[in-house]
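# Notes for the structure review
The primary structure of each chain is shown beneath.
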Amino acid sequence: MNRNLFDDYRKHMNEVELPDNARESLNRAILEERSACSQSSAAHSTRKRLPTRPAWRIAAAACIGAIVFGCLFFTPAVDRMLGSDEKSFALTAYAAGIATENAGNVKLALGNFASWGGWYSFDELAWENASPYENDFIHDTDMKKGYICSIYFDLACEGSGIASLTYELEGEGVYFNFDPARDWSTPPEDFTRYRFTVGPDDLKNADKGFIYIVANVPVEGDLVESAAVLDEHLERMDEALAENPDENPNEGFTQDEMDAYNEAMNQLGVLVQTKAAEMVGESVLTITATFYDGTTESHRYRIAPVEDIEERYQKLMDDSRLEDRTSLFTIEQLS
Amino acid sequence: MTDQLRSEQFMKHALDTLAGSVYRLALAHLRNAADAQDVVQDVFLSLLKSTVEFHDDEHMKAWLLHVTANRCREYHRSAWRRRVESTDDVASFAESAVCDPGLEALFEHPVWAALAHLPEKLRIVVHLHDVEGYSTEAIADILGILPATVRTRLHRGRKQLRENLGANEQAAIITTKQKGANHEPQPFR
């Protein structure tokens, strides 16, 4: 490399500063945040605005307070799960769930404890250097081409005498992902894609980051047709952009082609997220509480989609303002 | 979630001394001024709410750059969704670049063009090491990867950059002769 050329680039880059208008905008955002914070009460803190976080997280955070502290006292399951023992624990989502069948049945609705975290495409061939899994967000499950779909579940636990909680996930194509959110100095202990340990309240604290369950959904079966339409469309867009970066790459498409593309996108969105939910439903989540006296207790859970999740999810996609997601998943304590 | 926010004095100091570094990293990562400014805002709002105790400015800078790198990767993912969901926005991305003489000079620089063809994970390491001047160990902390991985990526990044620059210089010579001063980057293979 020409050293002088790079020195010149470094000089140019180091002269770049945040523009005044961006600084002013940032100052305004900080002021708004201060204002919102000063107006909030202690109870309010659980729904403090997170300006640029995905909406599903905001919704999840907003619901935790209401559901944990509301359902905790009204759901019969809670007393049964936690009791008055000095040592006890249960997954809050399970304990605070709403029974889907007769009393006594341990299968509970997951309610607002679940939310979608987005999905994006993956194609091993697109990684020129043959090391795609160096990417922090992608974990190798032998998938060559497909979609990586994150689902956020509130995995916090309630109980007493808990020193730490260890989470383990067993299932094909599914794994944990950790987003440090704000405080990157406090990742879960020994975090791996299939196991991690946290303090008893860590997963209730947004500052400690978020845990997703991620499913690598391969392109096969129902997904093939929609994925092919998408790939072809994106390929033509790339070609159009390469040819003329300043033009709208969609201008070369006919209305019929755009309609077909949009329909394929909608279908794919539903199919990918439904398939991801099914993959999660085939996995088993084991949570082990280690109590202060050194003893441990484990519970195994299955978080599964409802049978008609595809239809229900489509309905949700058609009207994103729908807030009732209570029936998308159920949670069952296996042992 | 915290109720206590950082003081005005703290935030002013952080913005005065570190906003540039955060912006440059976001710019190197996302290669779009408007997107980079979005990330800067998100990062400093995170700082506002963060309860991390910093030993000194260098510690805070490392934290900010780490959060910036994470936000940029998230931004790419959400950008992909935007792209496939609302492709009309693609053209407006190009139009949204802020008119800034410093940025224009940067965007026309051949190294900027050559960096465009580096995978983002290599580009970010080259930026942190060769522009911001961080050691491989410090970059490992910032990105949460092993120092050996940083060294590998730096080596590969520099090598690809050299090759890209060679290709671009050739392309620039050809296009300049044919069309005048056109420095559009050419695809690198």
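Residues numbered from 1 in each chain as written. Chains lettered and ligands numbered in written order. Predicted model: local features only at pLDDT ≥ 70, side-chain atom pairs only at ≥ 80, totals over all residues. Heavy atoms only, no water.

Let us now look at the overall build of chain A. Within chain A, the regular secondary structure consists of eight helices and 13 strands. For chain A, the proportion of its 335 residues judged to be buried stands at 48%. Contacts in chain A between residues far apart in sequence, at least 24 positions, make up 70% of those at least 6 positions apart. Total accessible area computed for chain A in this model is approximately 16,300 Å², and 49% of it derives from carbon and sulfur atoms. (Helix = DSSP H or I, 4+ residues; strand = E, 2+ residues; numbered from the N terminus. Buried < 20%, exposed > 50% of the residue type's maximum accessible area, 1.4 Å probe, protein only. Contact = heavy atoms within 4.5 Å. Areas by Shrake-Rupley, 256 points an atom, 1.4 Å probe, with all protein chains shown as cover.)

Another aspect to go through is helix α8 (residues 136–143) of chain B. Residue and element names in this part refer to chain B. Along α8, the residues classified as buried are T136, I139, A140, I142 and L143. Considered in projection along α8, the buried side chains sweep an arc of 165° and stay on one side of the axis. Taken from the residues just after α8, G144 is the one with a positive phi, measuring 70°. (Arc of directions from axis to C-beta.)

Another point: the environment of R123 of chain B. Residues and elements named next belong to chain B. As for its position among the elements, R123 is in helix α7 (residues 120–131). Classification of R123 by relative accessible area gives buried; the value is 7%. Separated by 95 residues in sequence, R123 and A28 have C-alpha atoms that sit 7.5 Å apart. If we ignore the near neighbours within four places in the chain, the residues touching R123 are A28, H29, R31, L115, A116 and L118.

Confidence in the prediction for chain A averages 73 pLDDT; 67% of positions are at 70 or higher. Low pLDDT (under 50) marks residues 41–84 of chain A, which in the prediction has 77 contacts with non-local residues, meaning those over four places away or in another chain. (pLDDT = per-residue confidence, 0-100.)

Here we take up the packing of aromatic side chains. One pass over the full model with this rule turns up eight aromatic pairs over all chains. Residues F6 of chain A and Y9 of chain A carry aromatic rings whose centres are separated by 5.6 Å and whose planes lie at 55° to one another, so their mutual orientation is tilted. Taken together, the residues F6 of chain A and Y9 of chain A, both in helix α1 (residues 3–14) and three residues apart, mark about one turn of the helix. Classification of F6 of chain A as buried rests on a relative accessible area of 1%. Both rings, one in F54 of chain B and one in W63 of chain B, keep their centres 5.7 Å apart while their planes meet at 65°; by these two values the pair is edge-to-face. Through successive ring pairs, a cluster of aromatic residues spans Y167, F176, F178, F191 and F196 of chain A. A cation over a ring is seen here: R31 of chain B above W112 of chain B, with NZ or CZ 3.9 Å from the ring centre. (Phe/Tyr/Trp six-rings, centres within 6.5 Å; stacked < 30°, edge-to-face > 60°. Lys NZ or Arg CZ within 6 Å of the ring centre and 35° of its normal.)

Among the secondary structure elements, H109 of chain B is positioned in the loop between α5 (101–107) and α6 (110–115). A relative accessible area of 4% places H109 of chain B in the buried class. Of the polar contacts made by the side chain of H109 of chain B, one reaches the backbone nitrogen of V111 of chain B; its length is 3.1 Å. Those residues in contact with H109 of chain B that sit more than four places away from it in its chain are L5, D8, Y9 and H12 of chain A. (Polar contact = N/O pair within 3.5 Å; in protein donor to acceptor, adjacent residues only side chain to side chain.)

Residue and element names in this part refer to chain A. One way to put it is that helix α7 (residues 255–281) packs onto helix α8 (residues 309–318) with a least axis distance of 10 Å and a crossing angle of 135°. With respect to their mutual orientation, α7 and α8 come out oblique. Handedness of the crossing formed by α7 with α8: right-handed. Facing α7, whose interface residues are G269, V270, L271, Q273, T274 and A277, α8 presents I309, E310, Y313, Q314 and M317. In the contact of α7 with α8, the residues fall into six nonpolar, four polar and one charged. (Axes fitted to C-alpha atoms, helices over the stretch in contact; angles between N-to-C directions. Parallel < 35°, antiparallel > 145°, perpendicular 65-115°, else oblique. Left-handed = near helix turned anticlockwise from the far one by under 90°. Nonpolar A, V, L, I, M, F, W, Y, C, P; charged D, E, K, R; others polar.)

This part takes up the nonpolar core. Formed by 67 residues in total, the largest nonpolar core has its most connected members in Y9 of chain A together with Y23, L27, F44, L47, L64 and L143 of chain B. What F44 of chain B contacts, discounting residues up to four positions off in sequence, is L26 of chain A together with M11, A14, L15, L18, A19, V22 and L64 of chain B. With 58 residues, the next largest nonpolar core counts V198, A215, V217 and A289 of chain A among its residues. (Core = buried A, V, L, I, M, F, W, Y, C linked by side-chain atoms within 4.5 Å.)

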